Amino acid sequence: MSHVKENKKLLARIRRMKGQVIALEKALEGDSDCGAVLQQIAAIRGAANGLMGEVLESHIREHLGENAASAQERQDDIEQVVSVLRSYLK
C-alpha cells in the first residue's frame, strides 16, 4: 500500500483496534455485562469503518484521480472499488 500516505496513522489505528478486540475477548471471558460487550463491539465496528474510509479515500484519490494512467486501468480500479464496497456493505 505504498500509495497510502499516512501508514503510521493507519498502523496506530490498527493497534487501537487490536486493543479493543483484546478488551472484548476479556469481557467475554470474564462474563461481563451484555451492555458493555455490545458497546465494545460497536466501538470495534466504528473503528473498522473509519479505517475502511481512510484507506478507500486514499485508494480512490490515487487510482481514480488525475494520476490514473489509462482509461482501462481506471475502469479496472472502479470495478475493484465497487466490488470491495459491495462485499463490505453486505
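Bear in mind the structure is a predicted one, so any value in this text is a computation, not a measurement.

1. Concerning the overall build of the protein chain
- Looking only at helices and strands, the protein chain has three helices and zero strands in total.
- Reading the secondary structure of the protein chain in the N-to-C direction produces α-α-α.
- The C-alpha radius of gyration of the protein chain comes to 17 Å, more than 25% above the 12 Å expected for a compact globule of 90 residues.
- Considering only C-alpha atoms, the protein chain reaches an extent of 55 × 30 × 15 Å along its principal axes.
- The proportion of buried residues among the 90 residues of the protein chain is 22%.
- A separation of at least 24 residues holds for 55% of the contacts in the protein chain among residues at least 6 apart in sequence.
- Carbon together with sulfur atoms contributes 56% to the accessible area of the protein chain, which is approximately 6,900 Å² in total.

2. Considering the pattern of salt bridges
- Evaluation of the coordinates by the stated rule reveals two salt bridges.
- In this structure, Glu54 and Arg13 form a salt bridge, with 2.6 Å as the shortest nitrogen-oxygen distance. Placement of the pair is Glu54 in helix 2 (residues 34-64) and Arg13 in helix 1 (residues 7-29), with a sequence separation of 41 residues.

3. What to know about the confidence of the model for the protein chain
- Chain-level statistics for the protein chain give a pLDDT mean of 87 and a share of 92% at 70 or above.
- Averaged pLDDT values over the elements of the protein chain bottom out at 87 in helix 3 (residues 71-89) and peak at 94 in helix 1.

4. Topic: unusual backbone geometry
- Unusually for a residue other than glycine, Asp31 sits at a positive phi of about 55°.
- Relative to the assigned elements, Asp31 resides in the loop between helix 1 and helix 2.

Quick notes on the rules
- Residues numbered from 1 in each chain as written.
- Predicted model: local features only at pLDDT ≥ 70, side-chain atom pairs only at ≥ 80, totals over all residues.
- Heavy atoms only, no water.
- Helix = DSSP H or I, 4+ residues; strand = E, 2+ residues; numbered from the N terminus.
- Rg over C-alpha atoms; globule rule 2.2 N^0.38 Å.
- Buried < 20%, exposed > 50% of the residue type's maximum accessible area, 1.4 Å probe, protein only.
- Contact = heavy atoms within 4.5 Å.
- Areas by Shrake-Rupley, 256 points an atom, 1.4 Å probe, with all protein chains shown as cover.
- Salt bridge = Lys/Arg side-chain N within 4 Å of Asp/Glu carboxyl O.
- pLDDT = per-residue confidence, 0-100.

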